[in-house]
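The residues making up each chain are set out below.
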Amino acid sequence: MTESTAARKPRRSAGSKAAGTTGGKAGTTGAKRTTRKTGTAATKGSETELVQLLTPEGERIEDAAYAEYAQYVADITPDELRGLYRDMVLTRRFDAEATALQRQGELGLWASLLGQEAAQIGSGRATRDDDYVFPTYREHGVAWCRGVDPTNLLGMFRGVNNGGWDPNSNNFHLYTIVIGSQALHATGYAMGVAKDGADSGVIAYFGDGASSQGDVSEAFNFAAVYNAPVVFFCQNNQWAISESNEKQTRVPLYQRAQGFGFPGVRVDGNDVLASLAVTRWALDRARRGEGPALIEAYTYRMGAHTTSDDPSRYRHDDERAAWEAKDPILRLRRFLETSNHADEGFFAELEAESEALGKRVREVVRAMPDPDRFAIFENVYADGHALVDEERAQFAAYQASFAEAEGV
């Protein structure tokens, strides 16, 4: 259910397509390429490089300026393209169902990825099985690519567990709520990978708001100094809760990499092909021992930061409307249709699969058992502690008071 047609093809290193490339120069000091205005408040009026392989109208860009990255998707098949589309559609359907479940009181909270499907699916499909992923709490599409059952993502948000999956089963770490700390975890893990002599890569996800955290800056420095095989993937969705980009940075985020001594690239985060290609490039150079890279996926959070947020209080509807015109799923659909890579039968079958996924998610969540209320007191200390015993007793008395009040 969770494997796409793209995923069923055996994975291999993208390096076989990139012999002779000079990865260390891309994005910052590489070959001259055309530039596109990105419209960020932080760089308004300036020209900023943006790697794009598929326009919002669904037209394939054949531009020599992007050749260094385009070669990583040059031999992508129609079957793989349909797989990427399927991934994005099913991920969006799962996300919509999770949002609805929270509104219905089945989840305590939910962080939607609406609008960021291309950045996540493209980068997620660029990873190999032996790579290791460190997510935040919004990487539902990446989890899908790593083979994590989507229903396992919901246990924490329902309060029945502290994660829901074994990180080492899929090389996909548990969701990280503390903003930015996973960048350090990923860097440390990558340093260990290098010491072990492995050729796998590590990728750390974070948002534009997290880029202001000290942990991320420290991770950049450690990764650069120790030449760690880690890719920092920043999903710049324009808003760190209610703070816009102009309150976060005075320069494009990808340019921060220059100060630490490694390359940075800004990619169109609503273009799944560009996200796939650039991430393959970055992971490939990391596996070759060329060190870290920073990818800024320029995208947009079309929904709320979480279900406890009201974005109408800090941004205008016309802003969202402008980004809806760049919808990542519609963009790829247009390309599939104009290229005759998919017919109505494919889309109809996918719609049915999407509804089946939504139904399964609802059923699984509602069948989840209540958590053990006293589990929080277990494993705090290896040999127990008198204070924990006292707190457990107080909590037990508190719980018993409800039964007494109801006359049970």
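All values reported here derive from a predicted model rather than from experimental measurement. Within each chain, residues carry numbers counting from 1 in the order of the written sequence. At least 70 in pLDDT is required for a residue's local features to be given in this predicted model, at least 80 for side-chain atom pairs to be given and counted, and no such filter applies to totals for whole chains, interfaces and linings, which use all residues. The side-chain quantities take in all heavy atoms of the structure and omit both hydrogens and water.

Draft legend 1. Representation of the confidence of the model for the protein in the model. When the pLDDT values of the protein are averaged, the result is 87; 88% of them are 70 or greater. Confidence scores per residue from the predictor, reported as pLDDT, run from 0 to 100. Only heavy atoms enter the contact rule, under which two residues are in contact if any of them lie within 4.5 Å. With pLDDT under 50 throughout, residues 1-47 is counted as low confidence; its partners more than four residues away or in other chains account for 113 contacts.

Draft legend 2. Up close: the packing of helix α3 (residues 78-103) against helix α11 (residues 272-287). Following both chains from N to C, one finds α3 and α11 inclined at 105°, their axes separated by 11 Å at the closest point. As judged from the angle between their axes, α3 and α11 are roughly perpendicular. Residues Leu81, Leu84 and Met88 of α3 lie in contact with α11, whose contacting residues are Val272, Leu273 and Leu276. Axis definition: a line fit to C-alpha positions, over the contact stretch in the case of helices; interaxial angles, taken between N-to-C directions, run 0 to 180 degrees. Secondary structure elements follow DSSP: runs of H or I of four or more residues count as helices, runs of E of two or more count as strands, with numbering from the N terminus. Orientation is classified from the angle alone, with under 35 degrees giving roughly parallel, over 145 giving roughly antiparallel, 65 to 115 giving roughly perpendicular, and any other angle giving oblique.

Draft legend 3. Representation of the side chain of Asn237 in the model. Mapped onto the elements, Asn237 comes out in the loop between β3 (230-236) and β4 (239-240). Under this definition, polar contacts are N or O atom pairs within 3.5 Å; protein pairs additionally need one hydrogen-donor-capable and one acceptor-capable atom, and for neighbouring residues in sequence, both atoms have to be side-chain atoms. At 2.9 Å, the side chain of Asn237 and the side chain of Gln116 are in polar contact. Non-local contacts of Asn237, meaning those with residues more than four positions away in its chain, are made with Gln116, Arg138, Asp208, Thr299, Tyr300 and Arg301.

Draft legend 4. Examining the packing of aromatic side chains more closely. Planes of paired rings set the category: under 30 degrees apart is stacked, over 60 is edge-to-face and the rest tilted, where pairs are Phe, Tyr or Trp rings (Trp by its six-membered ring) whose centres lie within 6.5 Å. Summed over all chains, the structure comprises 26 aromatic pairs. Look at Trp165 and Tyr175: their rings are 5.5 Å apart centre to centre, the planes differ by 85°, and that puts the pair in the edge-to-face class. Remark: Tyr175 occurs in the loop between α7 (167-170) and α8 (181-196) and Trp165 occurs in the loop between α6 (154-158) and α7; sequence separation between them is 10 residues. Overall, the relative accessible area of 12% leaves Trp165 in the buried class. According to the relative accessible area criterion, Tyr175 is buried, its value standing at 8%. Between the aromatic rings of Phe220 and Phe262, the centroid separation amounts to 5.7 Å while the plane-to-plane angle is 85°, which identifies the pairing as edge-to-face. Remark: Phe262 occurs in the loop between α10 (256-260) and β6 (264-268) and Phe220 occurs in helix α9 (residues 214-225); sequence separation between them is 42 residues. Of the two residues, Phe220 and Phe262, neither departs from the other in class, the shared state being buried. Under the scheme applied here, a residue whose accessible area is under 20% of the maximum for its type counts as buried, over 50% as exposed, and between as partly exposed, the area being computed with a 1.4 Å probe on protein chains only.

Draft legend 5. Geometry of the sheet that holds β6. Pairing between strands is defined by DSSP: at least two bridges between them are needed. If you trace the five strands from one edge of the open sheet to the other, you get β1-β2-β3-β7-β6, paired in parallel fashion. Both edges of this open sheet fall to β1 (132-134) and β6, since each of them pairs with a single strand only. Geometrically, the sheet is characterised by an average inter-axis angle of 20° between neighbouring strands, direction not taken into account. Inspection of the sheet shows β1 paired to strand β2 (residues 202-207) by three bridges, in the parallel sense. Among the inter-strand pairings, Val133 is bridged to a residue of β2, identified as Ile203. Seen against the sheet, helix α4 (residues 117-125) touches β2, β3 and β7 (293-298) and runs at an angle of roughly 165° to β3.

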